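Here are the chains, one letter per residue:
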Amino acid sequence: MRLEIPQNFSMIENCEKTMDVFEKLVFSTNNNKVKKIFFNQENCRNIDLCAETVAAVLLKDLNDADRKKKINLSGHYPQDDDLMRIVCASGVTKYLKISNLNPQDMLLFELREGRRTKSTATTSTEKEIQSGKLIEYLDDCLNSCEWELKKEGKQYLSRIVAEILDNAEGHSKTSSWWINAYLKNTGNKTGECHLVIFNFGIPIYESMKDVLSTKSPLNGAITRLIKQHSSRKFFSKVWDENVLLTLYSLQEGVSSKLSTDPTRGNGLADLVQFFQKIGKSADKDPVMVLISGDVFIKFDNVYEMKIVTDNGNKRRQIAFNTNNSLMDPPDPDKVKKIKRYFPGTLYSFKFYIDNDYMEKLQNGSPTT
Amino acid sequence: MDHQPLNINLDLYRTAKSPVFAGRDRGIEVKKKITLERLNSASEISFSIPDDVYALNSSFLLGLLGETIKFHKKNGLDSSQIIKVPDEFKSTFEETIREAQQDDCLL
């Protein structure tokens, strides 16, 4: 099988065509007739880390030593030198141990697989260990631009990361999750950082549906919201109940597990706000994409988390529309149902470390 | 009830020099190891926290101390006077007390 990788191999910018590649890879896994795969990235003009990472994990599975059926893997690197270096340093060939490039202008957080481990009193869990490593890595990224995370910053981020990994473990079919990241220096004290965290498992909206069958305090609110969108005929091909549930799960204080644990449910909201605040550069905004099942949500600073008052309580909300109201449909460019299905949940972050911006932020006058 | 002070050395409850303590299940396992009886009867609970630890998440603290905080409340005791947490983790601990007292279903 020859896999022609699209010119724009990106979950952020070309999600559906990129997911076509994954579908073909999964098909190959399940098809005994496929003996060879040729992975052709020759014509790629853009490759993002999340696309490359998911492909790497799927190809690794095909190439796994435990598999009875062996598949011969080969391919072409991108012609573009810069992209080739990214693939060699943090992509498919690195994970398959075909290449081992560690460029000086890149800081790598090698792709790693984490797994839910049983908690014991004296042994740290994989989630704790990898959260710590990721925080240290993010600090190293800042260090490379002569900034650093204070202890409070590390504590704040570790809470967020641990919660995202907690969700990944909770919704995972395989109890595994993957993290990959790199920082590429782009100039004097500036860098572009990509971070991807994903699992294969139940989409967020399926977990949220479980809430609807419980006595969760969320139940009434979700039901009212669905009725509102249904009666006003807001639902369409790209905006349905599953998308609404996923969007709802992002709001502060909401979690598919809220019925048993009110402390959960702020991690993603916090992480989005963190990157929206510090991850800007002079001319670029950070981008975060969440893909869960067939739902695609893109955060790119056009819409931001804002405090709303709900029954006298203040909480943060992002509705992706000009009124920032969950009663109205979101901007279909940012929140939509897609034609492909990702069997799990993927978080992709692309943000910047820009000394000038950070200095302005520190002095209380951030650029907008 | 021995009403003795109790010091929890977190270095004994981690591996790989992990700087992060997170997860309710982990907190519950540490509680089991120490025993709820000792936690509830201690006149003071303090922590020895290695310098390289920067995250003591509220989920972990809730697993470890949630029941004790509820026990204190039931017996008219002030958890913030009995449980001494280093200043840098104070806000997380205050959050833990709030959360533990908020909802019975937590425990």
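Residues numbered from 1 in each chain as written. Chains lettered and ligands numbered in written order. Predicted model: local features only at pLDDT ≥ 70, side-chain atom pairs only at ≥ 80, totals over all residues.

A. Structural detail: helix α7 (residues 204–212) of chain A. Listed in full, the buried residues belonging to α7(A) are A:Ile204, A:Tyr205, A:Ser207, A:Met208 and A:Val211. The arc enclosing the buried residues of α7(A), seen along the axis, measures out at 155°, which places them on a common side. (Buried ≥ 20, exposed ≤ 12 C-beta atoms within 10 Å, placed from the backbone. Helix = DSSP H or I, 4+ residues; strand = E, 2+ residues; numbered from the N terminus. Arc of directions from axis to C-beta.)

B. Summary view of unusual backbone geometry. All names here are of chain A. Phi at Asn324 takes a positive value of approximately 50°, unusual for a residue other than glycine. As for its placement among the helices and strands, Asn324 is situated in the loop between β11 (313–317) and β12 (335–354). Residue classification places Asn324 among the partly exposed residues on the basis of 16 C-beta atoms within 10 Å.

C. Fine view of the pairing of strand β3 (residues 36–40) of chain A. All names here are of chain A. The side-chain alternation of β3 yields one buried face, formed by Ile37 and Phe39, and one unburied face, formed by Lys36, Phe38 and Asn40. Bridge count for strand β1 (residues 2–4) against β3 is three bridges, and the pairing is parallel. Each residue of the ladder has a partner; that of Leu3, found in β3, is Phe39. Here β3 pairs with strand β5 (residues 72–76) via five bridges, running parallel. Bridging from a neighbouring strand, Phe38 pairs with Ser74 of β5. (Pairing = 2+ DSSP bridges.)

D. Quick look at the sheet that holds β1(A). Residues and elements named next belong to chain A. Within the open sheet, the three strands sit side by side as β1-β3-β5. Their pairing is parallel. Strands at the two margins of the open sheet, each flanked by one partner only, are β1 and β5. For this sheet, the mean angle separating the axes of adjacent strands, direction not counted, is 20°. (Axes fitted to C-alpha atoms, helices over the stretch in contact; angles between N-to-C directions.)

E. Layout of the interface of chain B and chain A. Each side of the interface is counted separately: chain B has 28 residues, and chain A has 22 residues. Within the residue set of the side of chain B that touches chain A, elements represented by two or more residues are β2 (20–21), α1 (24–34), α3 (58–74) and α5 (90–102) of chain B. The residue makeup of the side of chain B that touches chain A, split by class, is 12 nonpolar, seven polar and nine charged. (Contact = placed C-beta atoms within 7 Å. Nonpolar A, V, L, I, M, F, W, Y, C, P; charged D, E, K, R; others polar.)

F. The arrangement of the packing of helix α1 (residues 15–30) of chain A against helix α2 (residues 49–62) of chain A in detail. Residue and element names in this part refer to chain A. Relative orientation of the contacting elements α1 and α2 amounts to 5°, with a least axis distance of 10 Å. For the element pair α1 / α2, the angle class is roughly parallel. Note on element contacts: α2 touches α1 through Ala51, Val54, Ala55, Leu58, Leu59, Asp61 and Leu62, opposite Thr18, Val21, Phe22, Leu25, Val26, Ser28 and Thr29. Here the contact of α1 with α2 is built from residues that sort into 10 nonpolar, three polar and one charged. (Parallel < 35°, antiparallel > 145°, perpendicular 65-115°, else oblique.)

G. Region of the structure containing the domain arrangement of chain A. Residue and element names in this part refer to chain A. Annotation of chain A at the domain level lists domain 1 (1–103) and domain 2 (105–368). Each of domain 1 and domain 2 has a C-alpha centre, and these two points are 25 Å apart. With 19 residues of domain 1 at the interface, the matching set in domain 2 holds 21 residues. Per-element tally for the side of domain 1 that touches domain 2: the top contributor is α2, with six residues. Grouping the amino acids of the side of domain 1 that touches domain 2 by side-chain chemistry returns 12 nonpolar, three polar and four charged. (Domains from an automatic or database assignment.)

H. Fine view of the sheet that holds strand β5 (residues 83–84) of chain B. Residue and element names in this part refer to chain B. Taken in spatial order, the three strands line up as β1-β3-β5 in an open sheet, and their pairing is parallel. Where the open sheet ends on each side, the last strands, each with one partner, are β1 (5–9) and β5. As paired strands, β1 and strand β3 (residues 44–48) are joined by five bridges and run parallel to one another. Pairing of Leu6 across the sheet is with Ile45, part of β3.

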